[in-house]
Amino acid sequence: MPHQDMPEHRQPLPVTVPSAVASKARGLVWRIALFYVVLGVCWILFSDAVLGAMFSDAAALNRVQSWKGIAYMVGTGIVLYLLLRPLVERLLDAQQRTLDSEARYREMFEANPSPMWTYDLESMRILDSNPAASTFLGWSRGELRGMDMHMLWPAEHRHVYDAAVASIRAAPDQPYARLERLRTGDGSHRDVEMRSSELCFAGDARTRLVVVFDRTLELQSQRQREQAMARLQEAQRLARLGSFEVDAKTRRGHFSPILQHLLGQGGDDRPLALKDVLVGADPASQARFEQLVDELADGQQQKMDVLLPFTGAGGHERLLRVRVQRVESGRQWLLRGTAQDVTEEQQTRRLLGEREQQFSELVRILPDAVMILSGEHVIYANPACAGMFGLQSERLLGEPLSSLVEDGDLAGLRG
């Protein structure tokens, strides 16, 4: 059965008088003691001599000395009261302020929405936790009390826990803050920012306070962004597509590593000049590109989409499709664009066109009749086929199959 939280009997924290008050109190004690000794010595030495000179009768002298002793005790008692009263009042006031402060901190600990707990640095056992910690970790307050701290870490992260404990014990007076992965009561994991600091209590035990901030969703979003960026970069690499952003006036800016790689650059992160990265393969291409960029920078055009040859890696000519857009960012205008290497694509299209022409010519000169139908209508017929019907090839286009086949054979042909 899980432990149930019992009604808490709150123990006040050990009362520690502020150092300034304690120092004043110690000094005042020594001054009072010294004053009492000096006053007593002076009273004994001088009063006896005075009384001896005043009274010659021994009986009368004894009575006077008795009253003298009584007067001395009463007087010193009054003086001691007047001296000690402010000290005691200050001590009581300091104690009350300490108790009030402890109560406020206890209330802050209990009502704080952030999960918090205290633990003993020597045994690494949890001493107490606030309600937010129980809700976040999924264990009741009674279950958390006395629990070994390593139970909050996943088993596969035990080495991380051991390293953290060693780091804290090496410098216990220093605050500790880092990202950790904790295990909750239902077995799920939470990514948190954990901050730990030492609590100064009386006694030998080292007590530390832990404050936890949930960073699970934030880190998940960060990992998703990183994964999306990695996939985007991989897609750009496969598509041979790079991006850039330059100032419209200076024409200097940043170019993606993929684009620099396509153009044989070194992958520099520093701002580069547009003319040093996108270099036309010939003077005519360079002049055409610079003219389009000038029109874009001056606001004559808002977009540019051009297919031009540029000098690529190793000095080889690469055909790039460059798309650029003029956008406003703050008080300056930027040119943001992409450049895609379509050299192989254009070569493939050219070869495909040549193969299509060769195939069409081959079909055209075949002595055998070739006809292509779509929905029982002729969409192509080579000259040999058209000759069989005594028509030109163009005359057969669009003709229905029913007009070319005898009625009795049409069903069998369809079958």
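Residues numbered from 1 in each chain as written. Predicted model: local features only at pLDDT ≥ 70, side-chain atom pairs only at ≥ 80, totals over all residues. Heavy atoms only, no water.

Visitor: Got a minute to help me understand the side chain of Ser134 in this structure?
Guide: Relative to the helices and strands, Ser134 resides in helix H3 (residues 131–137). Look at Ser134 and you get buried, because its relative accessible area is 15%. Leave out the neighbours within four places in its chain, and Ser134 touches Ser129, Trp139, Ser140, Arg141 and Leu144. (Helix = DSSP H or I, 4+ residues; strand = E, 2+ residues; numbered from the N terminus. Buried < 20%, exposed > 50% of the residue type's maximum accessible area, 1.4 Å probe, protein only. Contact = heavy atoms within 4.5 Å.)

Visitor: What is the right way to look at the pairing of strand E13 (residues 377–381) in this model?
Guide: Each regular strand shows side chains that alternate between the opposite faces of the sheet. By the bridge criterion, 4 bridges tie strand E12 (residues 371–374) to E13 in an arrangement that is antiparallel. In the strand pairing of E13, Met371 is matched with Ala381. Between E12 and E13, which pair antiparallel one after the other, the connecting turn spans 2 residues, and Gly375 there sits at a positive phi close to 65 degrees. (Pairing = 2+ DSSP bridges.)

Visitor: Looking at this structure, how should I read the sheet that holds strand E10 (residues 317–329)?
Guide: The strands that make up a sheet are held in pairs by hydrogen bonds between backbone atoms, and each pair lies either parallel or antiparallel. Here we have 6 strands laid out as an open sheet, ordered E8-E7-E6-E11-E10-E9, and antiparallel in their pairing. Lying at the two open borders of the sheet, with one neighbouring strand each, are strand E8 (272–273) and strand E9 (303–311). Looking at chain direction, strand E7 (residues 252–255) and E8 are connected through 2 bridges and run antiparallel. Bridge pairing links Gly253 to Leu272 in E8. Along the sheet, helix H9 (residues 283–297) contacts E9, E10 and strand E11 (332–341); its crossing angle with E9, the most-contacted strand, is approximately 155 degrees. This element, helix H10 (residues 343–365), spans E9, E10 and E11 of the sheet and lies at about 125 degrees to E10. (Axes fitted to C-alpha atoms, helices over the stretch in contact; angles between N-to-C directions.)

Visitor: I keep staring at the confidence of the model for the protein chain and nothing clicks. Help me out?
Guide: Atom-level detail of predicted coordinates should not be read off regions where pLDDT is low. Residues with a pLDDT of 70 or more make up 90% of the protein chain, whose mean pLDDT is 83. In this model residues 1–17 is a low-confidence stretch, pLDDT under 50, and it forms 26 contacts with partners more than four residues away in sequence or in other chains. (pLDDT = per-residue confidence, 0-100.)

Visitor: What exactly am I supposed to notice about a nonpolar patch on the surface here?
Guide: Where nonpolar side chains cluster on the molecular surface, the patch consists of Phe35, Leu39, Leu83, Leu84, Val88 and Leu92 and spans about 470 Å² of accessible area. Residue contributions to the nonpolar patch peak at 4 residues, all from helix H2 (residues 58–111). Assignment of secondary structure puts Val88 in helix H2. (Patch = residues over 30% accessible without salt bridge, like charges linked within 9 Å, V, L, I, M, F, W, Y side chains within 5 Å. Areas by Shrake-Rupley, 256 points an atom, 1.4 Å probe, with all protein chains shown as cover. Salt bridge = Lys/Arg side-chain N within 4 Å of Asp/Glu carboxyl O.)

Visitor: Honestly, the environment of Arg104 in this entry has me stumped. Any pointers?
Guide: Checked against the element boundaries, Arg104 lands in helix H2. When its relative accessible area of 51% is taken as the criterion, Arg104 is described as exposed. With 65 residues separating them in the primary sequence, Arg104 and Leu39 have C-alpha atoms 46 Å apart.

Visitor: Looking at this structure, how should I read the pairing of strand E6 (residues 241–247)?
Guide: In terms of strand pairing, E6 meets E11 through 7 bridges, oriented antiparallel. Residue pairing in the sheet places Val246 in a bridge with Leu335 of E11. The pairing of E6 with E7 spans 3 bridges and is classified as antiparallel. In the strand pairing of E7, Val246 is matched with Gly253. If you look at the hairpin formed by E6 and E7, you'll find 4 residues sitting between the two strands, and Arg251 has a positive phi there, around 60 degrees.

Visitor: Honestly, the pattern of salt bridges in this entry has me stumped. Any pointers?
Guide: Opposite charge on two side chains allows them to pair when their charged atoms are near. A complete count under the given rule lists 28 salt bridges for this structure. As a salt-bridge pair, Arg178 and Glu180 come within 3.2 Å of each other at their nearest N and O atoms. Look at Arg178 and you get partly exposed, because its relative accessible area is 39%. The class of Glu180 is buried, set by a relative accessible area of 5%. Bridged by salt links that share partners, the residues Glu110, Asp128, Arg141 and Arg145 form one connected network.

Visitor: How should the packing of aromatic side chains be read in this particular structure?
Guide: How two aromatic rings sit relative to each other is given by the distance of their centres and the angle of their planes. The full count for this structure, using the stated rule, is 3 aromatic pairs. Ring centres of Trp153 and Tyr161 lie 5.0 Å apart, and the angle between their planes is 55 degrees; on these two criteria the pair is classed as tilted. Residue Trp153 is classed as buried on the basis of its relative accessible area of 5%. Seen in terms of ring centroids, Phe289 and Phe310 are 5.2 Å apart; in terms of plane orientation they differ by 90 degrees. Their pairing is edge-to-face. Remark: Phe310 occurs in strand E9 and Phe289 occurs in helix H9; sequence separation between them is 21 residues. The residues Phe289 and Phe310 share a single accessibility class, namely buried. (Phe/Tyr/Trp six-rings, centres within 6.5 Å; stacked < 30°, edge-to-face > 60°.)

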